[in-house]
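Now for the letters of each chain:
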Amino acid sequence: CQTVAKVGSWEYDPASEKVWWSDENYRLLGYEPGEVDPDFDLVLAMTHPDDRTEVLSEWQEATENRSAYSGEFRIITKNGETRWIIGQATPEFDPAGNWIGHVGSTTDVTERKRAEQALTESEERFSLAMKGANDGLWDWNLETGNFYHSPRWAEMLGYRSGELPDSDEAWEALLHPDDRPRMTKFQTDFVKGEKESYDLEVRFHHKDGHYVDVLSRVISVRNSEGVPIRMVGTNSDISARKKAEQELIAARELAEAASDAKSQFLSSMSHELRTPLNAILGFGQLLDQDEGSVTPQDHKMFTEEILKSGHHLLDLVNDVLDLEKIESGNLPLEIEDRELTPLLDTCVKMVGGDARQNGIKIINHWPEDGSPVVRVDELRFKQTLLNLLSNAVKYNRPNGEIVLDWHQSRGGSVRISVSDTGEGIPKGLRSKVFEPFERLGAESSATPGTGIGLTIARELIESMGGTIGFESVVGKGSTFWVELPSADQKLH
Ligand code: ADP
């Protein structure tokens, strides 16, 4: 902004207290030349009220000391306009050395003052805006290498102002390693001039060790050849927004996974229901349409198939209902301290018949003289153990063996294991063992089952605060185990 200086001149005669103004001085103060007969009182009256005291005292000082005067102040012109002026004057003396007055000048500096004021205001506005936005600011001069960062930018990363050097390297060193390639690409693109302004989301290392998500909005200043010579950017801390975004994504993924699992479950379930239903209907129809060609043996076989499929359906429906109850949290558990060995004995007795039929020996491998106490829901624990034992019978080889064992582990829990001498589970199928309806090929064998038993077992054990798992060696057998919290004491 250029200052349009207007200069007038004046003289002061202390003897008459009169003032003489040049034509330019009249105009500068809003008068036609000669329009008024100025004196010191008029000048004082025209001085802005806020500046009057100071002007008066400085002028009095100059006249009393016969010294030079200089002051910058506001005057109100004839038409009421406020203007900034600089008044300057030097004392005049006669040949005898007597003070005869002051000769002065008036310079209108209103334009310069307004520009200065506008600059101050805009700087103030800018710093208020930055403060309000809580953003950091940086300014990088690519020609001189000078780098400026605002205190807020340092503070965003946990540093005090001045604690980090003013260099772009210092900041780049704090960048997340994974974000470096993006930053490099951004800088190359910038130099190439592909974009004038950029928004960049990157992570910076906070002094505490965590990372802060920062949105950097950058603009470039280029020389006449289009080469960037300066980059200026504001940095906003967007960690809270990022966190919310991530939580939203995680929640959506979870909901999608749950919905996928549900659809998968429903489609498997309808398939599982259809197979025995088809058998019931098929054999039922054969019997219905019989006009004497069905032999009594076939008749018996068809009826048996119908009954078998009916039982299977019932098992399936019961299992699915159980599973549904557990998953929806509608299966109340009564967790109590229970002595383990009597529970194991009951279960062994219950599978004893099936085991004997297949020539399978069940060996109890625990010490005679005591039992740990576990914290379980008795009914549901037995259901789980029965599932493991009946699997060990079903998937064993004829005349095989089952070893039932428990031991107390260091973490204050009890591990119960059921080992069999069956075919084992191939590595590729192991991840599916606890999935609903997965029978790992057993569906095409004569071995009955729904593929939900272990799914239920896992849900039950986990709701009792325990874990379930297995190890298996193909050709040798599998060991399924359950680990449960013990009441940490032994009963004798
Ligand atoms: P199922 O009703 O089919 O027995 P489970 O959920 O109890 O269903 O078991 C799932 C599948 O895991 C079984 O179909 C079988 O293929 C496999 N499995 C379970 N226990 C054993 C075991 N002891 N040995 C070999 N395979 C087993």
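Reference entry: report on the structure contained in this document. Because the structure is a prediction, the values reported are computed rather than measured.

### A look at the sheet that holds strand β3 (residues 69-76)
What the five strands build is an open sheet, ordered β2-β1-β5-β4-β3; its pairing is antiparallel. Across the chains shown, the open sheet's two edge strands, defined by having one partner strand only, are β2 (18-21) and β3. Geometrically, the sheet is characterised by an average inter-axis angle of 25 degrees between neighbouring strands, direction not taken into account. This element, helix α4 (residues 110-133), spans β3, β4 (82-93) and β5 (99-108) of the sheet and lies at about 130 degrees to β4.

### So, the site of the ligand
Around the ligand lies a shell of 19 residues, among which Y395, D420, R439, T450 and L454 are the nearest. At a separation of 3.2 Å, an oxygen atom of the ligand approaches a polar backbone atom of G453. With the chains in place, 95% of the 530 Å² that the ligand exposes on its own is no longer accessible. Broken down by secondary-structure element, the contributors of at least two residues to the shell around the ligand are α11 (378-394), α12 (453-463) and β17 (477-491).

### Some points on the pattern of salt bridges
Under the criterion given, the structure shown has 32 salt bridges. When the shortest N-O distance is used, the salt bridge between K207 and E163 registers 2.6 Å. Taken together, the residues K207 in the loop between β8 (197-205) and β9 (211-222) and E163 in the loop between α5 (151-156) and α6 (168-172) connect sequence positions 44 residues apart. By relative accessible area, which is 45% here, K207 ends up partly exposed. For E163, a relative accessible area of 31% translates into the label partly exposed. A salt bridge links D199 to R217, with the shortest nitrogen-to-oxygen separation between them at 3.9 Å. One end of the pair, D199, is in strand β8; the other, R217, is in strand β9, and 18 residues separate them in sequence. Judged by its relative accessible area of 41%, R217 falls in the partly exposed class.

### Observations concerning the nonpolar core
For soluble globular proteins, the rule of thumb is that nonpolar side chains tend to be buried together. One finds L344, F381, L389, I416 and L484 to be the most contacted residues of the largest nonpolar core, which totals 47 residues. With 23 residues, the next largest nonpolar core counts A154, M156, M183 and V214 among its residues.

### Some details on the side chain of H48
With respect to the helices, strands and loops of the structure, H48 is situated in the loop between α2 (40-46) and α3 (49-64). Beyond its immediate stretch of four places on either side in the chain, H48 contacts R74, I75, I76 and T82.

### Remarks on the packing of α11 against α12
Running from amino to carboxyl end, α11 crosses α12 at an angle of 145 degrees, the nearest separation of the two axes being 9 Å. Once α11 is placed against α12, the crossing between them reads as left-handed. Residues R380, Q383, T384, N387, L388 and N391 of α11 touch α12, and the partners they reach there are G453, L454, I456, A457, L460 and I461.

### What about the packing of aromatic side chains?
All chains considered together, the criterion is met by 15 aromatic pairs. Taken together, a centroid distance of 6.1 Å and an interplanar angle of 45 degrees make the contact between F434 and F470 tilted. Of this pair, F434 sits in the loop between β15 (413-420) and α12 while F470 sits in strand β16 (residues 467-473), and the two are 36 residues apart along the sequence. Under the relative-accessibility criterion, F434 is labelled buried at 10%. Using a relative accessible area of 17% as the deciding quantity, one classes F470 as buried. Three or more aromatic residues joined by ring pairs form one cluster here, namely W10, Y12, F40, W59 and Y69. Sitting over the ring of W84, K113 keeps its end group 4.3 Å from the ring centre. Over the ring of W481 we find R415; its NZ or CZ atom is 3.9 Å from the centre of that ring.

### As for unusual backbone geometry
Notably, R66 is not glycine yet its phi reads approximately 55 degrees, a positive angle. Residue placement: R66 occurs in the loop between α3 and β3. At N134, a residue that is not glycine, the phi angle is positive and equals roughly 60 degrees. Position of N134 among the secondary structure elements: in the loop between α4 and β6 (136-141). Look at N134 and you get partly exposed, because its relative accessible area is 40%.

### Observations regarding α3
With 16 residues, α3 extends 23 Å from end C-alpha to end C-alpha; this agrees with the ideal 22 Å at 1.5 Å per step. Listed as buried for α3 are D51, V55, W59, A62 and T63. Just beyond α3, the residue with positive phi is R66, at close to 55 degrees.

### Side note on the sheet that holds β8
Across the sheet, five strands lie side by side as β7-β6-β10-β9-β8; this open sheet has antiparallel pairing. For this open sheet the edge positions go to β7 (147-149) and β8, each flanked by a neighbour on one side alone. Neighbour-to-neighbour, the strand axes of the sheet open up by a mean angle of 20 degrees, direction not taken into account. Bridge count for β6 against strand β10 (residues 228-237) is six bridges, and the pairing is antiparallel. Bridged to N141 within β10 is R230. In the packing of helix α7 (residues 180-192) onto the sheet, the strands contacted are β6, β8, β9 and β10, and the crossing angle to β8 comes to about 155 degrees. Lying on the sheet, helix α8 (residues 239-288) is in contact with β8, β9 and β10; it crosses β9 at an angle near 120 degrees.

### Let's talk about the environment of F434
Taking the C-alpha atoms as reference, F434 lies 103 Å from S9; in sequence the two are 425 residues apart. With residues near it in sequence (within four places) discarded, F434 still touches L454, T455, R458, I468, G469, F470 and F480.

### Details of the packing of α8 against helix α9 (residues 296-327)
The relative placement of two packed helices is expressed as an angle between their axes plus a distance between the axes. Relative orientation of the contacting elements α8 and α9 amounts to 160 degrees, with a least axis distance of 9 Å. With respect to their mutual orientation, α8 and α9 come out roughly antiparallel. Crossing geometry of α8 relative to α9 is assigned as left-handed. Along the lines of polarity and charge, the residues of the contact of α8 with α9 split into 17 nonpolar, six polar and two charged.

Rules behind the numbers
- Residues numbered from 1 in each chain as written.
- Predicted model: local features only at pLDDT ≥ 70, side-chain atom pairs only at ≥ 80, totals over all residues.
- Heavy atoms only, no water.
- Pairing = 2+ DSSP bridges.
- Helix = DSSP H or I, 4+ residues; strand = E, 2+ residues; numbered from the N terminus.
- Axes fitted to C-alpha atoms, helices over the stretch in contact; angles between N-to-C directions.
- Contact = heavy atoms within 4.5 Å.
- Near = heavy atom within 4 Å.
- Polar contact = N/O pair within 3.5 Å; in protein donor to acceptor, adjacent residues only side chain to side chain.
- Areas by Shrake-Rupley, 256 points an atom, 1.4 Å probe, with all protein chains shown as cover.
- Salt bridge = Lys/Arg side-chain N within 4 Å of Asp/Glu carboxyl O.
- Buried < 20%, exposed > 50% of the residue type's maximum accessible area, 1.4 Å probe, protein only.
- Core = buried A, V, L, I, M, F, W, Y, C linked by side-chain atoms within 4.5 Å.
- Left-handed = near helix turned anticlockwise from the far one by under 90°.
- Phe/Tyr/Trp six-rings, centres within 6.5 Å; stacked < 30°, edge-to-face > 60°.
- Lys NZ or Arg CZ within 6 Å of the ring centre and 35° of its normal.
- Expected span 1.5 Å × (residues − 1).
- Parallel < 35°, antiparallel > 145°, perpendicular 65-115°, else oblique.
- Nonpolar A, V, L, I, M, F, W, Y, C, P; charged D, E, K, R; others polar.

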